[in-house]
Amino acid sequence: MAIALGYMLALGVVLAALLVIANRFLFVFQDPRIDEVESALPHTNCGACGEAGCRIFAEKLIVGDVQPGQCTVNSHDNSKAIADCGQREVHGLWRLRRDLPETAF
Ligand code: SF4
């Protein structure tokens, strides 16, 4: 019985160590602003913006490929809120703040 418990404990420790290592080396950074922008979108995934869905739209908005006004379902006020999420200027040309950590790339 004690041997079986020892094996189970050792197996648990080894598997936990593997998970820690995998988490360390397989980690993929994703800009947290994408989640903020996506949560502010209507979540209808209607495709009226020309993208496959709201998540793709949020990802492209963060890198500057689309602008909040291209989501035709949103109100103007909500577009402003989305712009704030992406830390961009609302008026005129959009400016992307390049404040991502070096580990992001
Ligand atoms: S138009 Fe707006 S609601 Fe429709 S898919 Fe694009 S981002 Fe989502």
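What counts and what doesn't
- Residues numbered from 1 in each chain as written.
- Predicted model: local features only at pLDDT ≥ 70, side-chain atom pairs only at ≥ 80, totals over all residues.
- Helix = DSSP H or I, 4+ residues; strand = E, 2+ residues; numbered from the N terminus.
- Expected span 1.5 Å × (residues − 1).
- Buried ≥ 20, exposed ≤ 12 C-beta atoms within 10 Å, placed from the backbone.
- Near = placed C-beta within 6 Å.
- Nonpolar A, V, L, I, M, F, W, Y, C, P; charged D, E, K, R; others polar.
- Axes fitted to C-alpha atoms, helices over the stretch in contact; angles between N-to-C directions.
- Parallel < 35°, antiparallel > 145°, perpendicular 65-115°, else oblique.
- Left-handed = near helix turned anticlockwise from the far one by under 90°.
- Contact = placed C-beta atoms within 7 Å.
- Arc of directions from axis to C-beta.
- Core = buried A, V, L, I, M, F, W, Y, C linked by C-beta atoms within 7 Å.

The name given to the chain in an unreviewed UniProt entry is Electron transport complex, RnfBCDGEA type, subunit B, with the source organism recorded as Solemya velum gill symbiont.

A. Seen up close, helix α1 (residues 2-25). Counted at 1.5 Å a residue, the expected span for α1 with its 24 residues is 34 Å, and the 35 Å between its end C-alpha atoms agrees. Of all 24 residues in α1, 0 are buried; the element is thus mostly exposed.

B. Local environment of unusual backbone geometry. Although it is not a glycine, H43 sits at a positive phi angle of roughly 65°. Within the secondary structure, H43 sits in the loop between α2 (32-40) and α3 (54-63). Phi angles above zero are rare outside glycine, and N45 is one such case at about 50°. Note that N45 resides in the loop between α2 and α3. The class of N45 is partly exposed, set by 14 C-beta atoms lying within 10 Å.

C. Quick look at the site of the ligand. Every one of the 15 residues lining the ligand counts as a neighbour, but C46, C49, C54, F57 and C71 are closest to it. Class assignment for the residues of the shell around the ligand results in 9 nonpolar, 5 polar and 1 charged.

D. Broad picture of the packing of α2 against α3. In the contact formed by α2 and α3, the axes pass within 9 Å of each other and the chain directions differ by 130°. Classified by the angle their axes make, α2 and α3 are oblique. As α2 runs across α3, the sense of the crossing is right-handed. Contact residues: R33, I34, V37 and E38 in α2; C54, R55, A58, E59, L61 and I62 in α3.

E. Spotlight on α3. Taken together, the buried positions of α3 are C54, F57, A58, L61 and I62. On an axial view of α3, the arc spanned by its buried residues comes to 135°, and they lie on one face. Against the buried residues of α3 lie α2. Remark: G64 follows α3 within two positions and exhibits a positive phi of approximately 90°.

F. Just the nonpolar core, in detail. Formed by 13 residues in total, the largest nonpolar core has its most connected members in V37, A40, L41, F57, A58, L61 and I82. Sorting the residues of this core by element identifies α2, α3 and α4 (76-85) as the ones contributing at least two each. Excluding residues within four positions of it along the chain, I82 makes contact with V37, A40, L41 and P68.

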